[in-house]
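# Results of the structural survey
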Amino acid sequence: MTGELAALGAAAAWAATALAIEGGARRIGSLTINLVRLVFGFAFLSLAGLVVRGIPLPVDATAHNWAWLTVSGLVGFTFGDLCLYRAYVVLGPRLSSLMMALVPPITALIGWAALGETLTRRDLLGMTLTIVGIGWAILERGRRTETGPLSISFAGVALGFGGALGQAVGLILSKIGMAGYNVFAANQVRVLAGAVGYALLFFALKWWPNVRTGIRDGKALGFSALGAFFGPFLGVSLSLIAVRETVAGVAASIMALTPVLIIPLVIVLKKERVGPGGFVGALIAVTGVALLFL
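The sections below set out a description of the structure shown in this document.

Calculation notes
Residues numbered from 1 in each chain as written. Predicted model: local features only at pLDDT ≥ 70, side-chain atom pairs only at ≥ 80, totals over all residues. Heavy atoms only, no water. Helix = DSSP H or I, 4+ residues; strand = E, 2+ residues; numbered from the N terminus. Rg over C-alpha atoms; globule rule 2.2 N^0.38 Å. Expected span 1.5 Å × (residues − 1). Axes fitted to C-alpha atoms, helices over the stretch in contact; angles between N-to-C directions. Left-handed = near helix turned anticlockwise from the far one by under 90°. Contact = heavy atoms within 4.5 Å. Nonpolar A, V, L, I, M, F, W, Y, C, P; charged D, E, K, R; others polar. Buried < 20%, exposed > 50% of the residue type's maximum accessible area, 1.4 Å probe, protein only. Polar contact = N/O pair within 3.5 Å; in protein donor to acceptor, adjacent residues only side chain to side chain. Core = buried A, V, L, I, M, F, W, Y, C linked by side-chain atoms within 4.5 Å. Parallel < 35°, antiparallel > 145°, perpendicular 65-115°, else oblique. Salt bridge = Lys/Arg side-chain N within 4 Å of Asp/Glu carboxyl O.

## Concerning the overall build of the chain
Broken down by element type, the chain carries 13 helices and zero strands. Secondary structure elements in the chain, listed N-terminal to C-terminal, are α-α-α-α-α-α-α-α-α-α-α-α-α. Expected size for 294 residues packed as a compact globule is a radius of gyration near 19 Å; at 18 Å, the chain falls within 12% of this value. Principal-axis analysis of the C-alpha atoms places the extent of the chain at approximately 50 × 45 × 35 Å.

## Some thoughts on helix 2 (residues 30-52)
Between its terminal C-alpha atoms helix 2 stretches 32 Å, which fits the 33 Å expected from 23 residues at 1.5 Å a residue. Following helix 2 by one or two positions, glycine 54 has its phi on the positive side, about 80°.

## Regarding the packing of helix 11 (residues 248-255) against helix 13 (residues 276-293)
Contact geometry of helix 11 with helix 13 gives a least axis separation of 10 Å together with a crossing angle of 150°. Between helix 11 and helix 13 lies a crossing of left-handed hand. Across from Val250, Ser253 and Ile254 in helix 11, the residues of helix 13 making contact are Val289, Leu292 and Phe293. Taken together, the residues that form the contact of helix 11 with helix 13 break down as five nonpolar, one polar and no charged.

## Looking at the side chain of glutamate 117
Topologically, glutamate 117 is positioned in the loop between helix 5 (103-115) and helix 6 (121-145). You can call glutamate 117 buried: its relative accessible area is 14%. Excluding residues that lie within four positions of it along the chain, glutamate 117 makes contacts with Gly111, Trp112, Lys175, Thr246, Val247, Ala248 and Gly249.

## Describing the side chain of serine 253
Tracing the sequence through the fold places serine 253 in helix 11. Reaching out from serine 253, the side chain makes a polar contact with the backbone oxygen of glycine 249 at a distance of 2.9 Å. The residues touching serine 253, leaving out its near neighbours within four places in the chain, are Pro104, Met127, Thr130, Ile134 and Leu292.

## Quick word on the nonpolar core
Formed by 56 residues in total, the largest nonpolar core has its most connected members in Ile134, Ile254, Met255, Leu257 and Val260. Considering each element in turn, this core owes the most residues, eight residues, to helix 8 (residues 183-205). Discounting chain neighbours no more than four positions away, the residues touching valine 260 are Ile134, Ala137, Ala282 and Ala285.

## Notes on helix 5
For helix 5, which comprises 13 residues, the first-to-last C-alpha distance of 17 Å matches the rise-based estimate of 18 Å (1.5 Å per residue) to within 8%. Residues of helix 5 that are buried include every one of Val103, Pro104, Ile106, Thr107, Ala108 and Gly111, and no others. Glycine 116, located one to two residues past helix 5, shows a positive phi value of around 75°.

## What to know about unusual backbone geometry
Its identity is not glycine, yet lysine 206 carries a phi of approximately 55°, on the positive side. Residue placement: lysine 206 occurs in the loop between helix 8 and helix 9 (208-214).

## Side note on the packing of helix 3 (residues 63-90) against helix 7 (residues 154-177)
Between helix 3 and helix 7, the least distance of the axes is 7 Å, while the angle of their chain directions is 160°. With respect to helix 7, the element helix 3 is oriented roughly antiparallel. Crossing of helix 3 against helix 7: the hand is left-handed. Residue composition of the contact of helix 3 with helix 7, grouped by class: 14 nonpolar, 13 polar and one charged.

## Let's talk about the pattern of salt bridges
For the coordinates displayed, the defined rule picks out six salt bridges. Arginine 37 is the partner of aspartate 81 in a salt bridge, and the nearest nitrogen-oxygen pair spans 2.5 Å. Linking aspartate 81 in helix 3 with arginine 37 in helix 2, this pair joins segments that are 44 residues apart in sequence. One salt bridge in this structure joins arginine 53 and aspartate 60, with 2.7 Å as the shortest N-O distance. On the basis of relative accessible area, aspartate 60 is assigned to the partly exposed category, the value being 37%.

Here it is in structure tokens:
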């Protein structure tokens, strides 16, 4: 039950960070804000490490922890997020978000192959209902928030799949890498690796002038700090607890609820109207998650 509750908490935290990052990305761009949020996230994790462990940095991590968690951070934060945000541009937010519903089955498959994790029939039913409900809610909301025909291309689908694969593989690598280690410190290693990955990418893209311009925007920095608290700090830490305490595929299914949990936030904060299909999809997804908790 601890893992399932942590996964639900991660999904809720990611719903909050999605809105915060959206606000900042509109001002300074998604690439810049991704690096900035990781820097803020590392600072929050350092403070948590000092309070919880008396050690602000992961200096006590073993070679095993560093190796697996570093790769996990590069795959999840750098590769996965880079593919996802590029997919938003090429494929559109509706289909990109829909492709992220592939994360649970991919995670379950890799967890079975790499860790020997198995799912019960009830787990499989719960995962299926959750994914179907999420997809239904995303498509319904997309029809109301996007105009024009859907643009489907091989490159967009490949990028969307890359985003889903990056998140799934990152979860499994994290579960392997943080064995016997503190969650906040393990997350620090992942966040640090992701930030270094972005830094190297920015050198290759000559993107640093954009970063210097972006960090002068105080409002964008506020959005970044808020997104970092609910994302790399709280959300990701809860996701690591979730995959440590329960089957990775089950944790990924519950964490995939983020698009559904965003619905009440956009109704209250953005005054968006959600059609009946969105609520039906949310109800199906919640039913699936309820089965995963049994």
